[in-house]
Amino acid sequence: MSYAFFPGCMIPLRLPYMENAARKALGALEVELLEMPNASCCGDPIAFQSLSKETWTAVAARNLCIAEEMGRDLLTLCSGCYETLKTANVKLKGDQRLREHVNKALAEVGREFKGTIEVRNLLEVLQEVGADKIKTRIVKPLKDLGVAAHYGCHLVRPSDVLSFDDPMKPTTLDQFIELTGAESVSYLKKMLCCGAGLRMVDAEKSLKLVEMKLGYVEAAGADCMAVLCPYCMVQYDLTQRTIKREGGANPQMPVLYYAEMLCLAMGMSPKELGLRLHRTSLEPVLKKLGLNA
Amino acid sequence: MTEEMPEGLRELVKEKVLFCYQCGSCVGSCPTARAIPEYNPRKMMEKLILGGWEEVLSSKLIWLCTLCHTCYEVCPQGVGISHIIIELRNLAAERGMAPAGFLESAKQMAATGWTTTLTGAIQRTRAELGLPEIKATDTEEIKKLMKATGFRPALEAEKG
């Protein structure tokens with residue numbers, strides 16, 4: 001298996017430990033990741049989609065063209081990129097008029113959208129690898145670890161375009177959490193948005209949403225959260241101290257990227273994963289798993 | 001009313017928004033509404049139905065949506081509210097009413113090809129983790145695409 005690898009902006013430029021874990025997990029499962037020369041930001045589902053759907057689609061299409069030229073399906077790690085790239089891919093494949101229109105813009109940079117590839121997220125690629133194969137690599141099951149799955153919005157919605165799992169009651173991440181030997185803990189408001197899209201306009205209220213969600217996760221007795229999207233990671237991992245400083249609750253909820261969980265279960269060390277780069281301490285989790293930070 | 005409703009919006013109102021029967025599923029499931037009670041997508045749809053599109057368009061409220069698309073999924077009438085919001089934002093942006101934060105992202109993208117800043121510290125962290133160095137992307141292509149699609153901030157930057 002081999003994919004055109006699209007890590008996005010936020011992961012490689014701000015949260016490289018997420019990229020590290022994804023590369024290590026997929027490498028261990030013999031998934032080859034090919035660099036995409038000259039790829040840019042996906043097109044950005046919040047800022048760009050809001051400013052101009054047309055520009056948004058064209059920038060996304062340019063990235064899709066690069067994967068088409070490589071003759072590989074595209075794997076993106078970021079859920080925001082997933083919404084952008086998959087929406088553009090599905091719409092451009094299905095709407096001849098839109099495709100002609102966008103191709104006119106692409107012609108100015110010497111490219112053409114042909115509609116020859118698919119856009120995949122991390123869980124889809126893991127599904128393709130198969131649970132059976134993954135199970136054979138689990139040498140250190142994350143026993144007794146209670147994990148709150150946070151899917152994030154743009155992995156599953158809008159569902160008529162993304163068609164990945166149920167938009168309001170998805171189960172894929174829960175299944176993958178259980179595959180590592182951990183327990184997926186049920187909690188209230190599981191599909192509540194992390195609030196990243198509100199941050200640019202009202203940071204304080206955006207943090208309110210983080211505080212609410214962490215409260216529900218804590219109340220369910222989870223040891224940690226598992227996220228997939230870098231924007232959710234920033235919201236939950238990087239803001240807990242700010243919430244406390246600004247007089248809110250005092251959340252101390254470890255937040256892991258799903259690929260990090262998988263790597264730990266495959267026997268990789270916290271050190272090689274760079275887990276020290278998380279801002280909210282992961283110590284309670286590592287202690288429970290009998291690992292040294 | 002000073003201006004006729006733009007055609008794209010008029011079509012959306014006719015084909016989607018008019019089906020809204022004001023049940024409030026959108027506001028009941030909306031994350032922004034939980035944090036900011038003044039934010040009410042049901043009321044926005046009501047205003048659109050009643051012809052107050054300019055008020056909705058110029059209101060800061062449309063920029064508070066997180067684009068989580070929950071309302072898009074739960075609406076029993078298939079109004080597709082988050083997509084209506086995107087349409088409204090596009091129209092507002094064309095009229096120069098986009099908030100600064102959104103425009104900053106656009107500038108950053110034109111300048112670097114990314115919406116996140118690349119720092120030396122990150123390159124070092126990447127090296128420590130054994131990750132490949134990040135190479136600059138071809139921003140000329142991005143700028144050309146912005147121009148070719150009539151992207152307002154790009155055209156304005158050109159004018160100086």
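The rules behind these values
Residues numbered from 1 in each chain as written. Chains lettered and ligands numbered in written order. Predicted model: local features only at pLDDT ≥ 70, side-chain atom pairs only at ≥ 80, totals over all residues. Helix = DSSP H or I, 4+ residues; strand = E, 2+ residues; numbered from the N terminus. Rg over C-alpha atoms; globule rule 2.2 N^0.38 Å. Buried ≥ 20, exposed ≤ 12 C-beta atoms within 10 Å, placed from the backbone. Domains from an automatic or database assignment. Contact = placed C-beta atoms within 7 Å. Nonpolar A, V, L, I, M, F, W, Y, C, P; charged D, E, K, R; others polar. Pairing = 2+ DSSP bridges. Expected span 1.5 Å × (residues − 1). Arc of directions from axis to C-beta. Axes fitted to C-alpha atoms, helices over the stretch in contact; angles between N-to-C directions. Parallel < 35°, antiparallel > 145°, perpendicular 65-115°, else oblique.

**Some thoughts on the overall build of chain A**
Then comes step 1: The helix and strand tally for chain A stands at 16 helices and 8 strands.
Then comes step 2: For chain A, the C-alpha radius of gyration of 19 Å lies close to 19 Å, the compact-globule estimate for 293 residues.
Then comes step 3: Here chain A, with 293 residues, has 56% of them falling under the buried criterion.

**Brief notes about the domain arrangement of chain A**
Residues and elements named next belong to chain A.
Then comes step 1: As far as domains go, chain A holds domain 1 (2-122) and domain 2 (131-288).
Then comes step 2: For domain 1 and domain 2, the distance between their C-alpha centroids amounts to 24 Å.
Then comes step 3: Counting from both sides, the interface comprises 25 residues of domain 1 and, opposite them, 26 residues of domain 2.
Then comes step 4: Of all the secondary-structure elements, those providing two or more residues to the side of domain 1 that touches domain 2 are α1 (10-14), α2 (16-28) and α5 (79-94).
Then comes step 5: Here the residues of the side of domain 1 that touches domain 2 are counted per class, giving 16 nonpolar, 6 polar and 3 charged.

**Some remarks on the sheet that holds strand β8 (residues 255-257) of chain A**
Then comes step 1: Here 4 strands make up an open sheet; going across it, the order is β6-β5-β7-β8 (chain A) and the pairing parallel. Sheet topology places β6 (183-184) and β8 of chain A at the edges, where each strand pairs with a single neighbour.

**What to know about the interface of chain B and chain A**
Then comes step 1: Taken residue by residue, the interface counts 46 residues in chain B and 50 residues in chain A.
Then comes step 2: Looking at the side of chain B that touches chain A, the elements with two or more residues in it are α3 (31-35), α6 (70-74), α7 (81-94), α8 (100-112), α9 (120-129) and α10 (139-148) of chain B.
Then comes step 3: Of all the elements, α10 of chain B adds the most residues to the side of chain B that touches chain A, at 6 residues.
Then comes step 4: Among the residues forming the side of chain B that touches chain A, the class breakdown is 26 nonpolar, 13 polar and 7 charged.

**Here we look at helix α6 (residues 96-107) of chain A**
Then comes step 1: Here α6 of chain A is 12 residues long and its end C-alpha atoms lie 16 Å apart, about the 16 Å a rise of 1.5 Å per residue gives.
Then comes step 2: Along α6 of chain A, the positions that sit buried rather than exposed are Arg99, Val102, Ala105 and Leu106 of chain A. Seen along its axis, α6 of chain A keeps its buried residues to an arc of 120°; they face one direction. Counted as exposed and oriented over 90 degrees from the buried face of α6 of chain A: Gln96, Arg97, Glu100, Lys104 and Ala107 of chain A.
Then comes step 3: Taken together, the buried residues of α6 of chain A touch α4 (53-70) and α5 of chain A together with α10 of chain B.

**Side note on the sheet that holds strand β4 (residues 119-120) of chain A**
All names here are of chain A.
Then comes step 1: Spatial strand order, β2-β1-β3-β4: 4 strands in an open sheet with parallel pairing. With partners counted over all chains shown, the strands left at the sheet margins are β2 (32-35) and β4, one partner each.
Then comes step 2: When strand β1 (residues 2-6) meets strand β3 (residues 74-76), the two strands line up parallel, connected through 3 bridges. Along β3, the bridge assignment pairs phenylalanine 5 with leucine 75.

**Quick look at the packing of α8 of chain B against α10 of chain B**
All names here are of chain B.
Then comes step 1: With their axes 7 Å apart at the nearest point, α8 and α10 run at an angle of 130° to one another. Accordingly, the angle class assigned to the pair α8 and α10 is oblique. In contact with Met109, Ala110, Ala111 and Thr112 of α8, α10 contributes Thr139, Ile142, Lys143 and Met146.

**Some remarks on the domain arrangement of chain B**
Then comes step 1: Each domain of chain B was delimited in the assignment, giving domain 1 (7-94) and domain 2 (100-159).
Then comes step 2: Taken over C-alpha atoms, the centre of domain 1 of chain B sits 30 Å from the centre of domain 2 of chain B.

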